[in-house]
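# A look at the structure
Residues per chain, in single letters:
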Amino acid sequence: GVRVLVKGASEVLLGQCSHYLTARGETEKFTEELRKRVLQYITKMASRALRTISMAQIDVASADRLSPDAPPAEGLTLVGVFGIQDPLRREVPAAVRKCQKAGVTVRMVTGDNIVTAKSIAREAGIFTNGKAIEGAEFRALDPQAQRRLLPTVQVLARASPLDKLTLVQRLKEMGEVVAVTGDGTNDAPALKEADVGLSMGIAGTAVAQEASDMVILDDNFSSIVKAVMWGRSVYDNIRKFLQFQLTVNVVALSICTLGAILGFGTPLKPVQLLWVNLIMDTLGALALATEPPTLDLLDRAPYGRHEALVNGHMWRNILVQSIYQLGVQIFLMIHGAQFLTDCTYNHKTGNACIPLKPNGQGKDPSGNYKDTVIYNAFVWCQIFNEINARKIYNDRNAFQGIFTNGIFLTIIVVSCLVQFLSVQYWGEVFKTVPLDLEDWLFCLGIGAGSLVLGVVQRSFSPADWLVLMIDRGAKSKPEDDPIPEAVQARG
């Protein structure tokens, strides 16, 4: 004959045993009274966060009809019940708290006994005031009932891979953004279905890693917190660049169009626009895209699935800065020749100050003094507004953390240097003429005005009508909850 050993979930295997093995190695009948006592021991071990597993055996005449997928399910002899300690890493409870503070709902999906699952989840800070249910109970509900139940469920125990997949599907149907962790081959369908699949780099199988979007190299839940922080940082950096770029585009296009309509010509020359485009697209993107993540990114709720890329706060910043810059540029274009004076050194006039001609020309006939002031003021507005663009919401201090980004500082310094040279020494290329000290300070003052205005604009939240209009444009669904779900798999 053949002796078959079977292991599995304690309470399930216990129901399949008709006998038990004594300490002397003898087989005796498994009575109901003894079965209840063993179940009490299993519950006691599970309440101490021990993962319990039972082992049984059965003697069969032949191994021909045996299958690894369908072991004998009755007439077994209980060999023993084991309690395995799988302690939480010390950093897990703190990581869970950070996720919850960031608006991420953390759920545990596990194949463990429900008592064990609740004990571990309570220790991790996942199971607080919600519900813990078993996979069989969840499986028996219709989809509508599952969706009604899910907002309160924090632990799903004795869950099969299909239960995990169903959970992900129901959450996505509710409009949630779902992240799933898993390490086994059976987790692959849920990892594939989730918006973000996170597999384990050490314990994870190749199938799970292939199905996932990200691989956690150290198998540590705290790495998920870092992933959330980096994800928000990248998204915010894209938004920072967009609000900076849109402001430059709106003002440059408007001033060139209005100049042509009003008969002043185009104050910004092609080479100047190329330099502005370089600041806006290349250097601006590099400066704002390299902003490092900060812990305060975890202090706000996540973005919703249907939230507009350019939100109300961004439109507030874009509109305020565009109106200010455009107003200054139009004023200079119309009235600049009336109050600006050219005090630069000239071999004919020395340092004497002369008023500009009606067309804006000063001492140097090779270029237009007024247009140079307009161009210089415009570029300095963009350089100062690039500092403003580091903040999207209501953070008044745009300089906070600026010294942690060396690339940003380098680009600002290089932009300032090139702008100075383009006006004072590279006039033949940039179609400019040198400016005197007074007008340099004037242009810098206009640029710094963008920075001061940025502090004021971030002191007020965007108008409700603006937010409502943007939300409608993004086709947000009113029933969608903007808080994403993180499903933690265990076992």
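Presented here is a report on the structure given in the accompanying data block.

What counts and what doesn't
- Residues numbered from 1 in each chain as written.
- Predicted model: local features only at pLDDT ≥ 70, side-chain atom pairs only at ≥ 80, totals over all residues.
- Heavy atoms only, no water.
- Helix = DSSP H or I, 4+ residues; strand = E, 2+ residues; numbered from the N terminus.
- Rg over C-alpha atoms; globule rule 2.2 N^0.38 Å.
- Buried < 20%, exposed > 50% of the residue type's maximum accessible area, 1.4 Å probe, protein only.
- Areas by Shrake-Rupley, 256 points an atom, 1.4 Å probe, with all protein chains shown as cover.
- Lys, Arg positive; Asp, Glu negative; His and termini not counted.
- Charge placed at Lys NZ, Arg CZ, Asp CG, Glu CD.
- Salt bridge = Lys/Arg side-chain N within 4 Å of Asp/Glu carboxyl O.
- Contact = heavy atoms within 4.5 Å.
- Disulfide = S-S within 2.5 Å.

Secondary structure summary: the protein contains 17 helices and 14 strands in total. Relative to the compact-globule value of 23 Å for 491 residues, the protein shows a C-alpha radius of gyration of 34 Å, a clear excess of over 25%. With respect to the three principal axes, the spread of C-alpha positions in the protein is 120 × 40 × 35 Å. Taken over 491 residues, the protein has a buried fraction of 48%. About 24500 Å² of surface is accessible on the protein, with carbon and sulfur atoms providing 61% of the total. Averaging the positions of the 49 positive and the 48 negative side-chain charges in the protein gives two centres separated by 3 Å.

A full pass over the atoms with the stated rule returns 18 salt bridges. For R3, the salt bridge identified is with D59, shortest N-O distance 2.8 Å. One end of the pair, R3, is in strand β1 (residues 2-9); the other, D59, is in strand β4 (residues 50-60), and 56 residues separate them in sequence. Each member of the pair, R3 as well as D59, is classed as exposed. The residue K172 makes a salt bridge to E193 at a minimum N-O spacing of 3.9 Å. Residue K172 is found in helix α7 (residues 161-173), and its partner E193 is found in helix α8 (residues 188-193); the two are separated by 21 residues along the sequence. Accessibility expressed as a relative area gives 28% for K172, which makes it partly exposed. Within this structure, R24, E26 and E28 form a network of salt bridges that share partners.

This part covers the environment of L242. Tracing the sequence through the fold places L242 in helix α10 (residues 222-261). With a relative accessible area of 18%, L242 lands in the buried category. Put simply, L242 and T205 are 37 residues apart on the chain and 40 Å apart in space, counted from C-alpha to C-alpha. Filtering out sequence-adjacent residues up to four positions away, L242 remains in contact with L309, V310 and M314.

Here we take up the state of the cysteines. By definition, a disulfide links the sulfur atoms of two cysteine residues through a covalent bond. Taken as a whole, this structure holds one disulfide when the rule is applied. Disulfide pairing places C343 opposite C353 at an S-S distance of 1.9 Å. Its S-S torsion of approximately 120° makes the covalent link between C343 and C353 right-handed. Here the residue C343 occupies a position in the loop between β12 (341-342) and β13 (354-355), and C353 occupies one in the loop between β12 and β13, the gap between them amounting to ten residues. C343 sits in the buried class, given a relative accessible area of 15%. The closest cysteine sulfur to the non-disulfide-bonded C381 is located on C443, 9.0 Å from its own sulfur.

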